[in-house]
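Chain residues, written in single-letter form:
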Number of protein chains: 2
Amino acid sequence: MPTNAARELNPLCEVLQIVGAKWGFPVIAELYKGPQRFNKLQRAIRNINKQSLTDTLRLLEQNGVVRREVFPTVPVTVEYSLTEKGRDFHTVIEAMNLWAAKWGIRH
Amino acid sequence: MPTNAARELNPLCEVLQIVGAKWGFPVIAELYKGPQRFNKLQRAIRNINKQSLTDTLRLLEQNGVVRREVFPTVPVTVEYSLTEKGRDFHTVIEAMNLWAAKWGIRH
DNA sequence: CAGCATCCAAAAGGATACTG
DNA sequence: CAGTATCCTTTTGGATGCTG
């Protein structure tokens, strides 16, 4: 994640935190497919481990991008989904894709 | 910078490399003001050191966002400026700003 | 002036094992 | 199932000094 220096560039800091987080995009991309439980997310995202997944979900939750819901089954079930704010994030992703497509990879 | 995992999400990988780099935004922001020499950039960007500035400029240069021009004065003068691709990057920045403004910091 | 080489400190990432 | 705790490895960042 971009640390202090970049974070001083408000109000971009929040966006940079999200897009700069190593697993932010993969998690968001996966949740676009629909609500998912913790273990399902972990299996879906190649090479992520519990710790990293937990950290990323907490970060996105704090930024209001992801919602966490606990169902009191046994064992407990936890479902993660995108909030409205999270779904609206596609505007940013699209802008990135457009720019990347317009200019291509490498020059 | 977001590392391997995020980078597999082509064609976003290039964008993530740029926005995820700790000093990417500060350098681009500074160059929007116009072409600048190495030392001028370093003085303008709070707390960046030669090494980090060099690394960031090389990264942006490789991505075709920044142009490097050497003038054979003594001592040598090197000027950095944004390419057309680099200036067009404001479309991405704007999308980020819009999203951030729409949803605010924290929730 | 514009860097590169080196070195060190700090942070991030990841593996594993354990728990309610 | 969904984590937390711990430990360890790797990567990054920054400071400093040297050079064409």
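Just so you know, these numbers come straight off a predicted model, no measurement behind them.

Caption draft 1: Highlighting the environment of Ala101(A). All names here are of chain A. Position of Ala 101 relative to the elements: it lies in helix H7 (residues 90-103). The class of Ala 101 is exposed, set by a relative accessible area of 61%. For the pair Ala 101 and Gly 24, spaced 77 residues apart in sequence, the C-alpha separation works out to 21 Å.

Caption draft 2: Focus on the sheet that holds strand S3 (residues 77-82) of chain A. Residue and element names in this part refer to chain A. Strand order in the open sheet formed by three strands is S1-S3-S2, and the pairing between neighbours is antiparallel. Both edges of this open sheet fall to strand S1 (36-37) and strand S2 (66-71), since each of them pairs with a single strand only. One ladder, built from two bridges, connects S1 with S3; its direction is antiparallel. What sits directly across from Arg 37, in S3, is Glu 79. Contacting S1, S2 and S3, helix H3 (residues 24-31) crosses the sheet at an angle of about 95° to S3. Running at roughly 115° to S2, helix H5 (residues 50-62) makes contact with S2 and S3 of the sheet.

Caption draft 3: Spatial organisation of H3(A). Within H3(A), seven of the eight residues are buried, which leaves it mostly tucked inside the rest of the structure. Residues of H3(A) that are buried: Gly24(A), Phe25(A), Pro26(A), Val27(A), Ile28(A), Glu30(A) and Leu31(A).

Caption draft 4: The arrangement of the packing of aromatic side chains in detail. Taken as a whole and assessed by the stated rule, the structure comprises four aromatic pairs over all chains. Taken together, a centroid distance of 4.7 Å and an interplanar angle of 80° make the contact between Trp99(A) and Phe89(B) edge-to-face. Residue Trp99(A) is located in helix H7, and its partner Phe89(B) is located in the loop between helix H6 (84-88) and helix H7 (90-103); the two belong to separate chains. Like Phe89(B), Trp99(A) is buried. Ring geometry for Phe25(B) versus Phe89(B): centroids 6.4 Å apart, planes at 70°, classification edge-to-face. One end of the pair, Phe25(B), is in helix H3 (residues 24-31); the other, Phe89(B), is in the loop between H6 and H7, with 64 residues separating them in the sequence.

Caption draft 5: The packing of H3(A) against H5(A), seen in detail. Residues and elements named next belong to chain A. It is at 10 Å that the axes of H3 and H5 come closest, and there the two elements cross at 75°. It follows from the interaxial angle that H3 and H5 lie roughly perpendicular. Contacts between H3 and H5 involve Gly 24, Val 27 and Ile 28 on the former and, on the latter, Leu 53, Thr 56, Leu 57 and Leu 60. In terms of residue class, the contact of H3 with H5 is made up of five nonpolar, two polar and no charged.

Caption draft 6: The arrangement of the protein's contact with DNA strand D in detail. Taken together, 18 residues sit near DNA strand D, with Asn39(A), Arg68(A), Tyr80(A), Lys22(B) and Asn49(B) positioned nearest. Expressed as a percentage, the sugar and phosphate content of the atoms of DNA strand D within 4 Å of the protein is 72%. Note that a phosphate oxygen of DNA strand D is positioned 2.9 Å from one of the backbone N or O atoms of Asn39(A). Secondary structure elements with two or more residues in the surface near DNA strand D: helix H4 (38-44), H5 and S3 of chain A. Looking at the surface near DNA strand D, the element that brings in the most residues is H5(A), giving four residues.

Caption draft 7: View of the pairing of strand S2 (residues 66-71) of chain B. All names here are of chain B. Pairing of S2 with strand S3 (residues 77-82) involves six bridges; the strand directions are antiparallel. Considered in S3, the bridge of Arg 67 is made with Ser 81. The turn linking S2 back onto S3 is made up of five residues.

Caption draft 8: Main features of the confidence of the model for chain A. Residues and elements named next belong to chain A. On average, residues of chain A score 88 in pLDDT, and 89% of them reach the 70 mark or higher. Model confidence for chain A, summarised as mean pLDDT per element, is weakest for helix H1 (residues 4-7) at 42 and strongest for S3 at 98. Note on residues 1-8: pLDDT is under 50 here. Beyond four places in sequence and across chains, it has 17 contacts.

Rules behind the numbers
- Residues numbered from 1 in each chain as written.
- Chains lettered and ligands numbered in written order.
- Predicted model: local features only at pLDDT ≥ 70, side-chain atom pairs only at ≥ 80, totals over all residues.
- Heavy atoms only, no water.
- Helix = DSSP H or I, 4+ residues; strand = E, 2+ residues; numbered from the N terminus.
- Buried < 20%, exposed > 50% of the residue type's maximum accessible area, 1.4 Å probe, protein only.
- Pairing = 2+ DSSP bridges.
- Contact = heavy atoms within 4.5 Å.
- Axes fitted to C-alpha atoms, helices over the stretch in contact; angles between N-to-C directions.
- Phe/Tyr/Trp six-rings, centres within 6.5 Å; stacked < 30°, edge-to-face > 60°.
- Parallel < 35°, antiparallel > 145°, perpendicular 65-115°, else oblique.
- Nonpolar A, V, L, I, M, F, W, Y, C, P; charged D, E, K, R; others polar.
- Near = heavy atom within 4 Å.
- Polar contact = N/O pair within 3.5 Å; in protein donor to acceptor, adjacent residues only side chain to side chain.
- pLDDT = per-residue confidence, 0-100.

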